Amino acid sequence: MQKIVTQTEMYALEHAAVAHGATWEGLMEQAGWGVAQVALARLGDPKGRRVVVLVGPGNNGGDGLVVARHVHDAGAQVALYFWRRQFAPSDANWQRCRTRGLAETMAADDPTQTSLRKLVAEADLVVDALLGMGTSRPVEGPLAAIIATLQPPRRPLVLAIDLPSGVDAGTGAAPGGAVCADLTVATGLPKRGLLLYPGRRLAGTLELAILELPHDYLETTMSDLLRAAEVQPLLPARPPDAHKGSFGKVLVLAGSLHFPGAAYLACAGAARVGAGLVTLAGGRAVLGSAMRLPEATLLPLAEGDWGAVGPGALAELNKALPNYQALVLGPGMGQGEATGEFLQRLLGLETPKSRVRVGFLIDSNSDEATENAAPDLPPTVLDADGLNLLAKIEEWHERLPRERFVFTPHPGEMRRLLGVEQLPADLVATACEAAKRWGQVVVLKGATTIIASPDGRNRIHDGANPALATAGTGDVLAGVIGGLLAQGLAPYDAASLGVFLHGAAAARVRATLGDAGALASDLLPELPRAMLELR
Ligand SMILES: NC(=O)C1=CN([C@@H]2O[C@H](COP(=O)(O)OP(=O)(O)OC[C@H]3O[C@@H](n4cnc5c(N)ncnc54)[C@H](OP(=O)(O)O)[C@@H]3O)[C@@H](O)[C@H]2O)[C@@H](O)CC1
Ligand SMILES: Nc1ncnc2c1ncn2[C@@H]1O[C@H](COP(=O)(O)OP(=O)(O)O)[C@@H](O)[C@H]1O
Ligand SMILES: [K+]
């Protein structure tokens, strides 16, 4: 399991390591040695290769000095460029470089960066050891000017130690600009900011220098990187004597006159990850979707204006729902008033005000009242307009049954659910706090997707892929997660495996079609292949 840490968690781990007998010097030596091995592997034969190490004032700079020594000892020609670091005899790593006679330039003596530009122009590799986890404010002044000398296009490879200087370790933000690295070697464990944008882009390829840290410490609060090894065991078994009833039934309530295709994409997503049966619920607006997927069955619902689903549909749904193991609710269903009222009652969230308005339906013990009462929902994926409509309901999170839903918001939907103008910078913390407060699994989608469970566990999917930046890919994901819920996966696992398979299918699409022009429906045939590859 690859853990991802915040600064606080990393500093606590370092303290715990010291308490277990490690020394700060020893840790720094391990970190620098590990980074040097990556650097040397990239350099090829080090003889005659020129390496510039940019050394900052803190421990990140200390790591840089260790790297400089090992790369020098391997045969490369190393020059040191110091920013804000004062020599002190106690700086043992600097002292060791001096003993070896490494060239030194002080940034204070190079106010126009003339020497630095020359060094960079002649270098094969630049090691960025200016700032790491200690980055505490936007980069500015001379530091910004130093970083600007590394802007692409440039000749040398740029390797950042731990984090590209200027990237916030917790949020991935780089408010004053940052080093744009070709690769970043994280020391010990990758920091959260390396997975979040723009930090993820600025970091380039991610590698790791191993540190001996007490891994059991703080384990439960750390994020997990979502990788094949974590989700492979979650794949539902397919016994040879299975029948369609073995793999669950999914009911999809999606699509509308304006977004008819969402229904198809969600249904096909569920079917393509192995659900036994998919039923599309809706009016005439979604008939076309049902015809595109002849394997799906249809649950016709009473229509309101313009074919929208309204409260009149509750009776049919109530009868059908006990036959389903999962529900996908919301993709493209529209945000009309009648649909909002329908959703509110389906979720059992009608306010006293709406009770008065539809009072005759819930009055006393009439048959109609029973038929229209909020049903017990199976595990449900709530997506897109389902979330937008939910966000309009007052105090929804205090009244929604807990541990029943997987919410799949993109950042805009997340803002609406939280009722904020702008999402907080730390998206992992945002998703985790929301999952805890709402009592639901939250999948905060984006180039990096975060899956958070109400119990505090969370997984980060490092899956940037511009081929996915096209309408309808989220509808497929909602269906995929629904299809996995129907096969009996717990909500957090269904969400995790779903995000992984969706990303793996997208990677396959990108490999054949490239970055642009893929359709959301191109993901569908790749889903079974992604499962085959994982199994
Ligand atoms: N301890 C160990 O054994 C291990 C440590 N490790 C390594 O240590 C790194 C963390 O080291 P760190 O905590 O010393 O912080 P670091 O990133 O060097 O920067 C601190 C300095 O930067 C300054 N500063 C900050 N922002 C600034 C800005 N925008 N503009 C200008 N200045 C700014 C800040 O100055 P101040 O805020 O006080 O003005 C302070 O002087 C970690 O990333 C990893 O590489 C690992 O190898 C594991 C073993
Ligand atoms: N650049 C990107 N890299 C990786 N995944 C992306 C990127 N852009 C979008 N996605 C993924 O595509 C899906 C888009 O979902 P969403 O925004 O709900 O779109 P829609 O509602 O049109 O289907 C999400 O799973 C998201 O994580
Ligand atoms: K750095």
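All figures in this text were calculated on a predicted structure; none of them were measured in a lab.

1. Description of the nonpolar core
Reasoning step 1: Grouped together as the largest cluster of nonpolar side chains are 68 residues, with contacts concentrated most on L253, L329, F342, L347, L390, W396 and F407.
Reasoning step 2: It is helix α19 (residues 427-438) that contributes the most residues to this core, six residues altogether.
Reasoning step 3: Each of domain 1 (3-220) and domain 2 (244-534) contributes no fewer than three residues to this core.
Reasoning step 4: Sequence-distant contacts of L329, that is, excluding residues within four places in its chain, are made with L253, L343, L346, L347, T380, V381, L382, D383 and G386.
Reasoning step 5: Membership of the second largest hydrophobic core comes to 59 residues, among which are L235, V406, I451 and L485.

2. Looking at the site of ligand 1
Reasoning step 1: Taken together, 24 residues form the shell around ligand 1, and within it Y11, D63, G132, R137 and D162 come nearest.
Reasoning step 2: Between ligand 1 and G134 there is a distance of 2.9 Å, counted from an oxygen atom to a backbone nitrogen or oxygen.
Reasoning step 3: Across the complex, the protein chains shield 83% of the 930 Å² of accessible surface that ligand 1 would expose by itself.
Reasoning step 4: Secondary-structure elements contributing two or more residues to the shell around ligand 1 are α1 (7-19), α2 (24-43) and α3 (59-73).

3. Digging into the packing of α3 against helix α4 (residues 92-99)
Helix packing for two helices is described by the angle between their axes and how far apart those axes are.
Reasoning step 1: Where α3 meets α4, the axes come as close as 9 Å, and the angle between the chain directions of the two elements is 30°. Considering their axes alone, α3 and α4 lie roughly parallel with respect to each other. Once α3 is placed against α4, the crossing between them reads as left-handed. Between α3 and α4, the residues in contact are G62, L65, V66, A68 and R69 and N93, W94, R96 and C97, respectively.

4. Observations regarding the domain arrangement of the protein
Reasoning step 1: According to the domain assignment, the protein contains domain 1 (3-220) and domain 2 (244-534).
Reasoning step 2: Measuring from the centre of the C-alpha atoms in domain 1 to the corresponding centre in domain 2 gives 44 Å.
Reasoning step 3: Summed over both sides, the interface of domain 1 with domain 2 buries roughly 820 Å², with 62% coming from carbon and sulfur.
Reasoning step 4: If you look at where domain 1 meets domain 2, you find two salt bridges.
Reasoning step 5: With a closest N to O distance of 2.8 Å, R200 and D462 form a salt bridge.
Reasoning step 6: At the junction of domain 1 and domain 2, the tally comes to three residue pairs in polar contact (both at pLDDT 80 or more).

5. What to know about the site of ligand 2
Reasoning step 1: Taken together, 17 residues form the shell around ligand 2, and within it K445, G446, N465, G472 and G474 come nearest.
Reasoning step 2: Within the contact set of ligand 2, an oxygen atom lies 3.4 Å away from a side-chain nitrogen or oxygen of T449.
Reasoning step 3: Between ligand 2 and N465, the relevant distance is 2.8 Å, taken from a nitrogen atom to a main-chain nitrogen or oxygen of the residue.
Reasoning step 4: Protein contacts shield 79% of the accessible area of ligand 2, which totals 570 Å² for the unbound molecule.
Reasoning step 5: Cavity membership is defined here by more than half of the atoms lying within 2 Å of grid points; on that basis ligand 2 lies in the second largest pocket.
Reasoning step 6: With four residues, helix α20 (residues 473-486) is the single largest residue contributor to the shell around ligand 2.

The rules behind these values
- Residues numbered from 1 in each chain as written.
- Chains lettered and ligands numbered in written order.
- Predicted model: local features only at pLDDT ≥ 70, side-chain atom pairs only at ≥ 80, totals over all residues.
- Heavy atoms only, no water.
- Core = buried A, V, L, I, M, F, W, Y, C linked by side-chain atoms within 4.5 Å.
- Buried < 20%, exposed > 50% of the residue type's maximum accessible area, 1.4 Å probe, protein only.
- Helix = DSSP H or I, 4+ residues; strand = E, 2+ residues; numbered from the N terminus.
- Domains from an automatic or database assignment.
- Contact = heavy atoms within 4.5 Å.
- Near = heavy atom within 4 Å.
- Polar contact = N/O pair within 3.5 Å; in protein donor to acceptor, adjacent residues only side chain to side chain.
- Areas by Shrake-Rupley, 256 points an atom, 1.4 Å probe, with all protein chains shown as cover.
- Axes fitted to C-alpha atoms, helices over the stretch in contact; angles between N-to-C directions.
- Parallel < 35°, antiparallel > 145°, perpendicular 65-115°, else oblique.
- Left-handed = near helix turned anticlockwise from the far one by under 90°.
- Buried area = accessible area lost by both parts, 1.4 Å probe.
- Salt bridge = Lys/Arg side-chain N within 4 Å of Asp/Glu carboxyl O.
- 1 Å grid on protein atoms, 1.4 Å probe; cavity = no way out; pocket = protein on both sides within 12 Å on 5 of 7 lines; lining within 4 Å.
- Sits in = over half its atoms within 2 Å of the grid points.

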